[in-house]
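Structure at a glance
Given next are the chains, with one letter for each unit.
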Amino acid sequence: MLDLVFSYMTLQHFISTDDTRTLFSKAMSTMYQKEVPQYGTLVDLVNDVNTEVLKADKRLHDQLEQGDQLARIGLERHGAIRVGTAYELSTLRRLFAVMGMQAVGYYDLSIANVPVHSTAFRPVKGEALAQNPFRIFTSLLRLELIENVDLRAQAQEILDNREIFTPLCLTLIDQFEQVGGLTPEQATQFVKEALFTFKWHHDATVTEQTYRALRQAHPLIADVVCFRGPHINHLTPRTLDIDAIQQQMPRYGIEPKQTIEGPPRRDCPILLRQTSFMALSEKINFKESASAQGLQAYVAKGVQASEVTQAATEQGTHTARFGEVEQRGIALTQAGRKLYDDLLAQVRLQMQGTPKDDYALTYSKVLSEVFKQFPDDWQALQQQGLGFFYASPNLECLPQKPVPRDSTWHQLIAGGYVCFEPITYEDFLPVSAAGIFQSNLGLENREKNDVAASNQQSFHEALGAKVQNEFEWYAALEENSILQTKRALGVV
């Protein structure tokens, strides 16, 4: 156990939360690659594609460099975890705070028949995102959506009797909260202990009968409830061309899901596009109930305790963990997001009744045709208020045209004194996330609910805090850049 008595001098040697986050994300990547070797192959594919894209597209290279994003591309990852209780969710909030990550956004996945609601833990400061934009999409199981009352109570009892955090991890979280930081040595220990929560466990904590009953209610319920810990179920690198990834996966020995989630391919990417390789079928050991008489019989025969344990288990398989890849575009304003959601609703309407064998090809065609209604030009997106942009002074223009000091903001733009760069979308899409979940739970073409069962208030209560509103966060970035630009141009 680490010494928790600190002098004033020790307090001067705390590691930054950004550095702790980088330690954790790298350790997580190493662990997941050992657990799911195909993830390493996917990372190699993404690196190859990104290198080719940057060589071929100097404009994109320069745009990423100017936006302080070029260095982070190869490091960028997001993971996903699903927990079962308010205690687990609120403790994760505290755990991620040690790494400078906060809850941003509320996602109701019940609209896609996935019984969870979620948030994304991520950095919220520009410098932190530039250093390492590690994110964890975190979902809380909604037991109230299990219709069978007895099964719901059984699931609750199972979850109440597990502890997914090590004692030392909890101690180090307390330490961070009490004195405001961890030393480098403590941070290294914290990462080691925190990884236990995200680790895959082959041993289920339930019998096969219980597992089957929970899986029949919903595959995701079984995934959350039946194991010692929640385990990380994917880790996602960022690509600059997701269509190339989708096409080349089979050449790398990877089976991709049928369709790319999110908007279609565009000259000006918006929001988020995602695809994944199909979930692995992994061997697990079920707990098998044995009567007291049965155990006594084993002991009477002189069977060792380890053999009793082996005799009290049955082997099966579980499918949950997969490999995901994403391509990020511009963050949309509320007006842009409404247009996006309206167009996606048109796509879903047109896809109703499409045969499964024709679904992937038809979906791609319908999606591309419907989204022609969404402007695919940076200037149009900015002028129509559909996307968020960083503003900056046009340095090339200034020597030729002095800035009139009484100019309005619109006059500065019209005069060419202002440049705009798209603000990268740092968050997630409910329907996109649900689509990935469904495809890897064998539910890819399940119809969406007409009515969501959103309950953000109960999520906040479980979290122990309110999530940040992502629209307000992006708006603040844009407004701050406008203010800084006005000051630089001498017009406030």
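A brief look at the structure comes next.

Definitions and limits used
Starting afresh in each chain, residues are numbered from 1 along the sequence in its written order. Where totals are concerned, whole chains, interfaces and linings use all residues; where local detail is concerned, this predicted model gives features only for residues with pLDDT of at least 70, and gives and counts side-chain atom pairs only at 80 or more. Working from all heavy atoms in the structure, the side-chain values ignore hydrogens and water. Helix numbers and strand numbers start at the N terminus; a helix is a DSSP run of H or I with at least 4 residues, a strand a run of E with at least 2. Here's how the labels work: a residue is buried when its accessible area is under 20% of the maximum for its type, exposed when over 50%, partly exposed in between, all with a 1.4 Å probe on protein chains only. Residue contacts follow a heavy-atom distance rule, with two residues in contact if any of their heavy atoms lie within 4.5 Å. Residue-level accessible areas treat just the shown protein chains as cover; the underlying method is Shrake-Rupley with a 1.4 Å probe. Strand pairing is defined by DSSP finding a minimum of two bridges between the two strands. Between N-to-C directions, angles cover 0 to 180 degrees, with each direction set by a line fitted to C-alpha atoms, over the stretch in contact for helices. The labels follow the angle: roughly parallel below 35 degrees, roughly antiparallel above 145, roughly perpendicular from 65 to 115, and oblique for the rest. For this scheme, ten residues count as nonpolar: Ala, Val, Leu, Ile, Met, Phe, Trp, Tyr, Cys and Pro. Four count as charged, namely Asp, Glu, Lys and Arg, and the remainder, Gly too, count as polar. Residue types Ala, Val, Leu, Ile, Met, Phe, Trp, Tyr and Cys, when buried and joined through side-chain atoms within 4.5 Å, form a set referred to as a nonpolar core.

**Considerations on the overall build of the chain**
On a plain count of helices and strands, the chain comes out with 21 helices and 11 strands. Counting the 492 residues in the chain, one finds 52% classified as buried. Summarising the internal contacts of the chain: among those between residues at least 6 apart in sequence, 79% fall at separations of at least 24. Of the roughly 22700 Å² that the chain leaves accessible, carbon and sulfur atoms contribute 50%.

**Thoughts on the environment of Thr-259**
Considering the arrangement of structural elements, one finds Thr-259 in the loop between helix H12 (242-248) and strand E6 (272-277). With relative accessibility at 10%, the residue Thr-259 sits in the buried group. In the structure, Thr-259 is positioned 13 residues away from Gln-246 in sequence and 8.7 Å away in space, judged by C-alpha atoms.

**Let's talk about the pairing of strand E3 (residues 116-122)**
Here E3 lies mainly inside the structure; seven of its seven residues are buried. Neither face of E3 is open: one carries Val-116, Ser-118, Ala-120 and Arg-122, the other His-117, Thr-119 and Phe-121, and all of them are buried. Two strands pair when backbone bridges link them, and strand E2 (residues 102-108) and E3 are joined in this way by five bridges, in the antiparallel orientation. Directly across from Tyr-107, in E3, lies its bridge partner Ser-118. One ladder, built from six bridges, connects E3 with strand E4 (residues 135-141); its direction is antiparallel. Residue Thr-119 lies in a different strand from E4, and its bridge partner there is Thr-138.

**Description of the packing of helix H5 (residues 86-97) against helix H20 (residues 456-463)**
In a pair of packed helices, the angle between the axes and the distance between the axes together describe the arrangement. Contact pair H5 / H20: the axes reach a minimum separation of 7 Å and the direction vectors enclose 65°. What the angle tells us is that H5 and H20 run roughly perpendicular. Between H5 and H20, the contacting residues are Ala-86, Leu-89, Ser-90 and Arg-93 on the first element and Phe-459, Ala-462 and Leu-463 on the second. Looking at the contact of H5 with H20 residue by residue, the class counts come to five nonpolar, one polar and one charged.

**Observations regarding the nonpolar core**
With 64 residues, the main nonpolar core has Leu-141, Tyr-340, Phe-371 and Phe-374 as its most contacted residues. Setting aside residues up to four positions removed in sequence, Leu-141 forms contacts with Val-83, Gly-84, Pro-115, Val-116, Leu-159, Leu-220, Ile-221, Val-224 and Val-225. Counting 59 residues, the second largest nonpolar core, distinct from the first, contains Val-43, Ile-245, Phe-277 and Val-325.

**Points about the sheet that holds strand E5 (residues 234-237)**
What the five strands build is an open sheet, ordered E2-E3-E4-E1-E5; its pairing is mixed. On the outer flanks of this sheet lie E2 and E5, each paired with one strand and no other. When strand polarity is set aside, the average angle formed by the axes of neighbouring strands in this sheet is 20°. Where H20 meets the sheet, it contacts E2, E3 and E4, and its direction lies at approximately 55° from that of E3.

**Let's talk about the pairing of E4**
Burial analysis of E4 places seven of its seven residues in the buried class, the great majority of the element. Covered by surrounding structure in E4 are Arg-135, Phe-137, Ser-139 and Leu-141 together with Ile-136, Thr-138 and Leu-140, the residues of both alternating faces. In terms of strand pairing, strand E1 (residues 77-83) meets E4 through six bridges, oriented parallel. Bridging from a neighbouring strand, Val-83 pairs with Leu-140 of E4.

Honestly, it's all geometry; don't read function into it.
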